[in-house]
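# Examination of the molecular architecture
What follows is the residue order along each chain.
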Amino acid sequence: MAVPTLATRSASRRRAVAAVTLIVTVIALYAAATTPGATAADTPLSQGRPAIASSTENAGTPASAAVDGDPGTRWSSQFSDPQWIQVDLGATATVSRVVLRWEAAYARAYAIQTSTDATTWTTVYSTTTGAGGTETLAVTGTGRYVRMYGTARATPYGYSLWEFQVYGVAAPGPDPGSFWGDTSEIPAAQNVLTVKVLNRTNGHYPDNQVYWSFNGQTHSIAEQPYLDMPANSAGRMYFYLGSPTSQYYDFIEFTVGPSVFNGNTTRVDAFGLKLAMRLHAHDGYDVQVGEDQATFAEDRSVTFQRFVTEVPAEFKVLAQTQAPYRIIAPGSDPSFRAGGVNQNYYTSYAASVGVNESTSNIFGCAGSLAGNPNLCAALNRHTAQLPTAQQQTPGNFYLAPPANYYARFWHDRAINHLAYGFPYDDVAGQSSFISHANPRYLLVAVGW
Ligand SMILES: [Ca+2]
């Protein structure tokens, strides 16, 4: 472990205190048995993207194995109907082709469906006479999410796909320039750097209802979008929507030296508002962290619903108890603490790797784990059972329970998949911490 910076560790050591009903209308809007002319070399939009499924047969057949591009790994479900597998393309795409590479356990009846929000689905292909093997389907659809929804198995086994490949054209994302606005008129700092706060609430709040607060000053961005940031240690800047005391709030944290900025967004305690920050330095360094632009673009209610849909049952409560204001970290929820229904969520797994620590202390990297960042990170990422050399390989993270699915959710929605999902999420460079000398400005986007 490198010596941590003040900002990161002071923040990260804080203890946390703090089914969608699917009406499947099987209407084939478009179905064709022809194979579209596409080059064999093109890469599916689905490859390497986050995938989830209604079930898995065992830990060796995760949903991710159907989108990994490896013909020797597969997803398989439990042996019942219906079952589904869904992939998140990361942004809205025009979908033109789906390739299903079935293992022997294939679907007789299934639909291919698309969705913009992982809640409401549109069927773009369906069949009751699936043939198994490799099926190449020409479809016409639009969506960020694509799933195979199986309603009748062809064998007594489950549904099993070597690969679930979605091809098409990704819609152009938001223009990064317009997201971050015009940076040419940012005033030069008299102190260390200029902070500019951006209203990216998609019209939910006007500029005179988007507030920032730092070191005793509170302003709306209509009054004052800029702050000339002085050197300070372990500082926080808070953001509020609606009023300066609104329950819709969040913060960034930082340590600012005479000629350096160190700081991060954080989901260690909770999600309150979508936040992203972009640091620009005099030498041309220009780096962004925080929620990605697709997450900024979607409504808050969609983000909450997506959380409930995507995480395992034990974690759904995190987006419910303090809704609509917060999605809280698992270590903050009574269900995972002593006496709670999931107090033993981690117990047997932790014991299997020689750790005797409470579930909430594992999520919070507290107790005996406060001094062991690597082990705490491995437990949160479900890599503690692997050889040490593989514990910090991102491709191994969050592949099976028990794991911190709250943290995984924020990584899946973060720029470059970097987020502070738990206190030692900086292990293996996975956090949203950024640091650079001679900073010129910091842009902070506040979303809904
Ligand atoms: Ca595979």
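Now for a description of the structure that goes with this document. Just so we're clear, the structure is a prediction, and the values are computed from it rather than from any experiment.

Definitions and limits used
- Residues numbered from 1 in each chain as written.
- Predicted model: local features only at pLDDT ≥ 70, side-chain atom pairs only at ≥ 80, totals over all residues.
- Helix = DSSP H or I, 4+ residues; strand = E, 2+ residues; numbered from the N terminus.
- Buried ≥ 20, exposed ≤ 12 C-beta atoms within 10 Å, placed from the backbone.
- Pairing = 2+ DSSP bridges.
- Contact = placed C-beta atoms within 7 Å.
- Core = buried A, V, L, I, M, F, W, Y, C linked by C-beta atoms within 7 Å.
- Arc of directions from axis to C-beta.
- Axes fitted to C-alpha atoms, helices over the stretch in contact; angles between N-to-C directions.

Take the overall build of the chain next. When helices and strands are tallied, the chain shows eight helices and 20 strands. Across the 448 residues in the chain, those meeting the buried criterion constitute 48%.

Here strand β9 (residues 210-214) runs beside strand β12 (residues 232-241); their pairing, made up of four bridges, is antiparallel. Note on β12: the bridge partner recorded for Val210 is Leu241. When β12 meets strand β13 (residues 249-257), the two strands line up antiparallel, connected through seven bridges. Paired with Arg236 across the bridge in β13 is Glu253.

Secondary-structure assignment places Val256 in strand β13. On the basis of neighbour count, Val256 is assigned to the buried category, with 23 C-beta atoms found within 10 Å. As a C-alpha pair, Val256 and Met229 span 27 residues in sequence and 8.1 Å in three-dimensional space. Non-local contacts of Val256, meaning those with residues more than four positions away in its chain, are made with Val192, Met229, Ala231, Asn232, Gly235 and Phe261.

One can find Ala188 in the loop between α2 (176-180) and β8 (193-200). Between the C-alpha atoms of Ala188 and Tyr441, which are 253 residues apart in sequence, the distance is 8.1 Å.

A cis geometry characterises the amide bond from Asp81 onward to Pro82, with omega recorded as -10°. Position of Pro82 among the secondary structure elements: in the loop between β2 (75-76) and β3 (83-102). Omega for the peptide link from Pro401 to Pro402 comes to -5°, which places this bond in the cis form. Within the element layout of this structure, Pro402 appears in the loop between α7 (373-381) and α8 (405-412). In this model, Asn202 sits at a positive phi of 55°, which is unusual for a non-glycine residue. Position of Asn202 among the secondary structure elements: in the loop between β8 and β9. A positive phi angle is found at Asn215, which is not glycine, with a value near 50°. Relative to the elements of secondary structure, Asn215 occurs in the loop between β9 and β10 (217-220). Owing to 12 C-beta atoms within 10 Å, Asn215 belongs among the exposed residues under this scheme.

What follows is about the nonpolar core. Of all hydrophobic cores here, the largest spans 80 residues; its most connected members are Met277, Leu379, Leu442, Val444 and Val446. Per element, the largest residue contribution to this core is six residues, and it comes from strand β20 (residues 439-447). Not counting residues within four places of it along the chain, the set of residues in contact with Met277 comprises Ile252, Thr265, Val289, Gly290, Leu442, Leu443 and Val444. Counting residues in each nonpolar core, the second largest holds 38 residues, with Ala51, Val67, Ile85 and Met148 among its members.

As a further point, take helix α4 (residues 300-310). Taken as a whole, α4 has its buried residues at Thr303, Arg306 and Phe307. Within α4, the buried residues cover an arc of 100° as seen down the axis, which keeps them to one side. For α4, the elements touching its buried residues are α3 (293-297), β18 (327-328) and α8.

Here the focus is the sheet that holds strand β11 (residues 226-229). With mixed pairing, the five strands of this open sheet are ordered in space as β11-β8-β20-β16-β17. The open sheet terminates on both sides in strands that have one partner only, identified here as β11 and β17 (286-290). Sheet twist, expressed as the average angle between the axes of neighbouring strands with direction ignored, equals 20°. Pairing geometry for β8 and β20, over seven bridges, is parallel.

Extensive coverage of α8 is indicated by the burial of seven of its eight residues. Along α8, the residues classified as buried are Tyr405, Tyr406, Ala407, Arg408, Phe409, Trp410 and His411. As for α8, its buried residues are in contact with β15 (270-271), α4 and α7.

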